[in-house]
Amino acid sequence: PSCEEDCGKLLWELQMRRARPYNGITVPPNNGYSAKCIPDETMKEMNAVYSASKLRRDKMGLMDGHFHPTNPNMKQLGEFIFEHMNYTDDGRPEWTVEIWDNLLKNLNEGMDGGPPAYRNSGKSIANGMDWSLKNMAGCGTHSLCQMSVFSAISPWAEAIMFWVASRLNRSNIRITSVDFNPCVLVDIPSDAIAECQATLDLVENPQSFDLIVSYSGIEHDGLGRYGDPINPNGDISALREMWLLTKPSGILLLAIPRAGLKFQPKTNIAIWGNEKIKIL
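Residues numbered from 1 in each chain as written. Predicted model: local features only at pLDDT ≥ 70, side-chain atom pairs only at ≥ 80, totals over all residues. Heavy atoms only, no water.

(A) Structural context of the state of the cysteines. Tallied over the full model, the rule gives 2 disulfides. Paired through a disulfide, Cys139 and Cys145 show a sulfur-sulfur distance of 1.7 Å. What makes Cys145 buried here is its relative accessible area of 0%. The disulfide partner of Cys183 is Cys196, and the S-S distance across this bridge is 1.7 Å. The chirality of the disulfide connecting Cys183 with Cys196 is left-handed, given an S-S dihedral of about -75°. One end of the pair, Cys183, is in the loop between strand S4 (173-179) and strand S5 (184-186); the other, Cys196, is in strand S6 (residues 195-198), with 13 residues separating them in the sequence. Assigned by exposure class, Cys183 and Cys196 land together as buried. For the chain, the bonded cysteines pair up as 1-2, 3-4 when numbered in the order they occur along the sequence. (Disulfide = S-S within 2.5 Å. Buried < 20%, exposed > 50% of the residue type's maximum accessible area, 1.4 Å probe, protein only. Helix = DSSP H or I, 4+ residues; strand = E, 2+ residues; numbered from the N terminus.)

(B) Just the sheet that holds strand S8 (residues 246-255), in detail. Spatially, S6-S4-S3-S7-S8 is the arrangement adopted by the 5 strands of the open sheet, whose pairing is parallel. In the strand order of this sheet, the two ends are held by S6 and S8, each with one partner. Across this sheet, the average inter-strand angle for adjacent strands is 25°, counted without regard to direction. Pairing of strand S3 (residues 145-150) with S4, which is carried by 6 bridges, proceeds in the parallel orientation. Paired with Val149 across the strands is Ser177, a residue of S4. Sitting on the sheet, helix H5 (residues 121-135) touches S3, S4, strand S7 (209-215) and S8, and the angle it makes with S7 is about 170°. In the packing of helix H8 (residues 234-245) onto the sheet, contacts are made with S3, S7 and S8, and the angle to S8 comes to roughly 145°. (Pairing = 2+ DSSP bridges. Axes fitted to C-alpha atoms, helices over the stretch in contact; angles between N-to-C directions. Contact = heavy atoms within 4.5 Å.)

(C) Local environment of the sheet that holds S5. Read from one edge of the open sheet, 3 strands run S1-S2-S5, paired in mixed fashion. The open sheet has two edge strands with one neighbour each: strand S1 (86-87) and S5. Taken strand by strand, helix H4 (residues 97-108) contacts strand S2 (93-96) and S5, and its axis lies near 60° from that of S2.

(D) Seen up close, the packing of aromatic side chains. This structure, assessed with the given rule, holds 5 aromatic pairs. Look at Phe150 and Phe209: their rings are 6.5 Å apart centre to centre, the planes differ by 90°, and that puts the pair in the edge-to-face class. One end of the pair, Phe150, is in strand S3; the other, Phe209, is in strand S7, and 59 residues separate them in sequence. Note on Phe209: relative accessible area 0%, which makes it buried. Centroid distance Trp156 to Tyr215: 5.6 Å. Interplanar angle 80°. Geometry classified as edge-to-face. You can see Trp156 sitting in helix H6 (residues 156-167) and its partner Tyr215 sitting in strand S7, a full 59 residues away along the chain. (Phe/Tyr/Trp six-rings, centres within 6.5 Å; stacked < 30°, edge-to-face > 60°.)

This is the structure:
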């Protein structure tokens, strides 16, 4: 490879490693990623919330663990998934072919396909997937389309993407699920979901994707709820990582909760206000 190619690769790797510059909850001054872009008052609110999140996780013994699978909030994914999801000893969700088949059955019967708590989420992803497959440059009918879902507790988004591709007779897609607490695939065909990958492993073993889907994910990043490290800049770090992992001609389908003018941090979710929306 040429010197220019070598330098470009090194620069890309450096950017990936710098996407998550924080090891704790203190935001260093003059940081170039987002801290200087956010008002001091908001940063103080964020630090207070992330301090509370760290304390909560310490008390629950979750610093090295994951979101507890028996939490009633998991019912937001749907009763079938709540009742049929099993977990490994270290807390990783097991995505079984029974769960997968149930998701596809619901889609074939005309259901939205998204979790009940996320109204019209399935329709949003289906429409985005349909448009992307028809319009993405460099992802034609004869080339392999690399796709990914970031932040997934269950394979509902993956099922919608696979279902839409099947209806368009597009068998040339490869779907990777990415999460801090990566899933374990149980009998789901590899042509449906190719693999589950840990978020931080992408720094060491990077891929590039034609399409990345993130639905109600990055607003949890950095709060420690799903096994992720405490990080006041976690949501921006996640967004930067996705940008670096998207091909130049690729597409990011992103859904986040919005508030009004002001950022509203909580101990399990960050609601984005206009001042943080601008950073997108």
